[in-house]
Amino acid sequence: MPFADIRGHDRIVDVLRRSLLIGKTAHSYLFEGVSGSGRKKTALTLIQALFCTSLPDDACGSCPSCRKIAGGNHPDIHLIAPLPDKRDISVEQLREMQHDLALRPYEAPRKACIIDPAERMSTSAANSLLKTLEEPPGDALIILLTENSGMLLPTVRSRCQLVRFTPLSVEHIQALLEQNGMAEEKATLVAAMAGGSMQRATELDNDALAARRETVLSRVTMLSIGTIATVFDTAEELSGNRDATLELLDMLLSFFRDAVHLAAGSGEIVNSSVGIVIESIAKQRSLPQTLEILERIYETRRAVQRNANPKLALDQLFMTMAGSCP
Ligand SMILES: [Zn+2]
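Residues numbered from 1 in each chain as written. Predicted model: local features only at pLDDT ≥ 70, side-chain atom pairs only at ≥ 80, totals over all residues.

1. Brief notes about the sheet that holds strand β4 (residues 141-146)
Pairing between the strands of a sheet is mediated by backbone hydrogen bonds and can be parallel or antiparallel.
Argument step 1. A sheet is described by the order of its strands in space; here five strands give the open sequence β2-β3-β4-β1-β5, paired in parallel fashion. Because the sheet does not close on itself, it has two edges, and the strands there are β2 (77-80) and β5 (161-164). In this sheet, neighbouring strand axes are inclined to one another by 20° on average, regardless of whether the strands run parallel or antiparallel.
Argument step 2. In terms of strand pairing, strand β3 (residues 112-115) meets β4 through four bridges, oriented parallel. Bridge pairing links Ala 112 to Leu 141 in β4. (Pairing = 2+ DSSP bridges. Helix = DSSP H or I, 4+ residues; strand = E, 2+ residues; numbered from the N terminus. Axes fitted to C-alpha atoms, helices over the stretch in contact; angles between N-to-C directions.)

Here's what the structure looks like:
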């Protein structure tokens, strides 16, 4: 696949393409980022571009080499992962790979290897890799993928060029989901809950998502200052760790944005399948009050991102929401 198909990592793609053009790619890369953020796709495209017989800095997608890589059967690429029944990548796996890298490539100009996830290399495996990272046999390209480079031995880290993949933005994930045929309403919701990972977005179970949306909606519409205990119970029930709370807040943002649209007389809402409930939220408050709540949800989201206690942050938010109801 060409570099143009990699979304949300323009700067990384720029740097890689420039290094391909001048023939100065690193021997060993460490791609760090959440699983599903595009690390493996980028690694494969980099190798594809390096091996491509028609383009100097990209994968043409149609030469025999590009096609073999896309089909997962290029003989000069090694993918190293823990064996099916094992937790770690073993030293034997790495020895075998190193032995193979030392042989002449079958058809590519050099060999390439992806180790994923690199943090699962046993200590002896990681130690056995040090010399290979420094001087890869036959000029091989080695790419390590990790969710957290801090989990690798410093000696491994320091021998690789670190490339950081930021989580994909909600907009990118939503666009990709819609491209894959998901309806806009669902894509908005799934994207908000995916934590920057396309993998997570595709894994999110639809039923679980719909159930969560219903729970959140019913709790939110029942918030009332008259029963203050319910406010704290709701915060207790809906809050979780930081990521879960951020997901909840993204969901609330999508509901209240819709409520603002309805109150302002626009029928264009994202959560149309639960439009009736959204309408009741819109009717609970005046438009300025609903806008005020929307702003408070944004504030809460920023606070939780900056490490505010999720439960306390939700306590405050739900108090405000309950207080603005008649
Ligand atoms: Zn090609």
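2. Describing the domain arrangement of the chain
Argument step 1. Segmenting the chain into domains produces domain 1 (3-164) and domain 2 (205-323).
Argument step 2. For domain 1 and domain 2, the distance between their C-alpha centres works out to 43 Å. (Domains from an automatic or database assignment.)

3. Some details on the nonpolar core
Argument step 1. In this structure, Phe 31, Ile 47, Cys 113, Ile 115, Ile 143 and Leu 144 are the most contacted members of the largest nonpolar core, which totals 46 residues.
Argument step 2. Tallying contributions element by element places helix α2 (residues 39-51) first for this core, with seven residues.
Argument step 3. Leu 168, Phe 255, Ala 259 and Phe 318 belong to the second largest nonpolar core, which has 38 residues in total. (Core = buried A, V, L, I, M, F, W, Y, C linked by C-beta atoms within 7 Å. Buried ≥ 20, exposed ≤ 12 C-beta atoms within 10 Å, placed from the backbone.)

4. Describing unusual backbone geometry
Argument step 1. Of note, the bond from Asp 116 into Pro 117 is cis; its omega dihedral lies within 30 degrees of zero at -5°.
Argument step 2. Secondary-structure assignment places Pro 117 in the loop between β3 and α5 (123-134).
Argument step 3. Positive phi, close to 65°, is recorded for Asp 139, a residue that is not glycine.
Argument step 4. Here Asp 139 shows up in the loop between α5 and β4.
Argument step 5. Despite not being glycine, Asn 307 shows a phi value in the positive range, around 80°.
Argument step 6. Take Asn 307: it is sitting in the loop between α14 (287-305) and α15 (310-323).

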